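Working through the structure, step by step
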Amino acid sequence: MILSGKEILANLGGKIIIEPFREEHLNSNSYDLTLHHELLLYEEVVLDMRKPNRVRRVVITEDGLVLTPNQLYLGRTAERTETYDLVPMIEGRSSIGRLGLFVHVTAGFGDVGFRGYWTLEMFAVQPVRIYPGVPICQIFYHEIRGEYEEYRNGKYQDNKDIQPSLLFQELNPGLRRRPRTRLPFGIEESHG
């Protein structure tokens, strides 16, 4: 069963934490999360599941940033959430999808007990200009039945930034940390 907007509001500060919370983002059965002002782009031509892949950070200015097709962009929500005794899920907003921007194409299913920012996998069908702070996706909550263990120490728990794939930690248990190596070009850039 999906919680209504009124039920989301009733559970704020208990089972549901959204920081910052703005009541105007509350919908009939979801809450709109907004886009942070930074993105990550992979610097590798071929991404390797068994290794940490290099990334570069891009700033979305107030004038916006044009996303180009055939490029994966990793963003994050400006809001930090915590969810207890419920299953959080996020989906792209239909108004965003109608512009050909797919937000959080996979992995919209969260874990009970998740705490942190949501990393968004974004892909544009055609060039589209995005802006920081735009309501980019919506979070909604399912009730859970039966015994369960909360997500406590997963590799994405308590994140404070955009999270590139950490699959290499599962496939390569001896390699735990993400290197900070960067290519000498395009480290910080803004596009108009």
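Residues numbered from 1 in each chain as written. Predicted model: local features only at pLDDT ≥ 70, side-chain atom pairs only at ≥ 80, totals over all residues. Heavy atoms only, no water.

The next thing to look at is the overall build of the protein. Helices and strands together make up the secondary structure of the protein, namely three helices and 12 strands. In summary, the protein has a C-alpha radius of gyration of 17 Å against a globular reference of 16 Å for 192 residues, a match within 12%. For the protein, the C-alpha atoms occupy an extent of roughly 50 × 45 × 25 Å along the three principal directions. Classification of the 192 residues of the protein by burial places 43% in the buried group. When contacts within the protein are restricted to residue pairs at least 6 apart in sequence, those whose partners lie at least 24 apart make up 73%. Side chains of the protein carry 23 positive and 26 negative charges; the gap between the two charge centres is 5 Å. (Helix = DSSP H or I, 4+ residues; strand = E, 2+ residues; numbered from the N terminus. Rg over C-alpha atoms; globule rule 2.2 N^0.38 Å. Buried < 20%, exposed > 50% of the residue type's maximum accessible area, 1.4 Å probe, protein only. Contact = heavy atoms within 4.5 Å. Lys, Arg positive; Asp, Glu negative; His and termini not counted. Charge placed at Lys NZ, Arg CZ, Asp CG, Glu CD.)

This part takes up the packing of aromatic side chains. The geometry of an aromatic ring pair comes down to the distance between the two centres and the angle between the two planes. This model, assessed by the stated rule, comprises two aromatic pairs. Positioned above the aromatic ring of tyrosine 117 is the side chain of arginine 76, whose terminal nitrogen or guanidinium carbon lies 4.0 Å from the ring centre. (Phe/Tyr/Trp six-rings, centres within 6.5 Å; stacked < 30°, edge-to-face > 60°. Lys NZ or Arg CZ within 6 Å of the ring centre and 35° of its normal.)

Turning to the pairing of strand E6 (residues 73-83), a few remarks are in order. In terms of burial, E6 is largely enclosed, as 10 of its 11 residues are buried. Where strand E1 (residues 16-19) meets E6, four bridges bridge the pair, whose relative direction is antiparallel. Looking across to E6, one finds that isoleucine 18 is bridged to threonine 81. With seven bridges joining them, E6 and strand E9 (residues 115-124) adopt antiparallel strand pairing. (Pairing = 2+ DSSP bridges.)

Turning to the environment of glutamate 150, a few remarks are in order. In this fold, glutamate 150 is placed in the loop between strand E11 (135-143) and helix H3 (167-171). Classification of glutamate 150 as partly exposed rests on a relative accessible area of 23%. With 65 residues separating them in the primary sequence, glutamate 150 and aspartate 85 have C-alpha atoms 8.3 Å apart.

This paragraph deals with the pairing of strand E7 (residues 86-92). Among the seven residues of E7, five are classified as buried, and the element is accordingly described as predominantly covered. Judged from the seven bridges that link them, E7 and E11 form a sheet pairing that is antiparallel. For methionine 89, the partnering residue across the bridge sits in E11 and is phenylalanine 140.

Following the criterion strictly, the structure yields 10 salt bridges and no others. Across the pair glutamate 38 and arginine 57 runs a salt bridge whose closest N-O atoms are separated by 3.0 Å. Residue glutamate 38 is located in strand E3 (residues 38-42), and its partner arginine 57 is located in strand E4 (residues 55-59); the two are separated by 19 residues in the primary sequence. Looking at glutamate 38, the relative accessible area reads 17%, which means it is buried. Take arginine 57: its relative accessible area is 12%, and that puts it in the buried class. Linking glutamate 82 and arginine 80 is a salt bridge whose minimum nitrogen-to-oxygen distance equals 2.6 Å. The pair formed by glutamate 82 and arginine 80 is uniform in burial state, with each residue classed as buried. (Salt bridge = Lys/Arg side-chain N within 4 Å of Asp/Glu carboxyl O.)

A low pLDDT means the predicted coordinates there should not be read in detail. When pLDDT is averaged along the protein, the result is 89, and 90% of the positions lie at 70 or above. Taken as a whole, residues 178-192 scores under 50 in pLDDT and shows 34 contacts with residues more than four places along the chain or in a different chain. (pLDDT = per-residue confidence, 0-100.)

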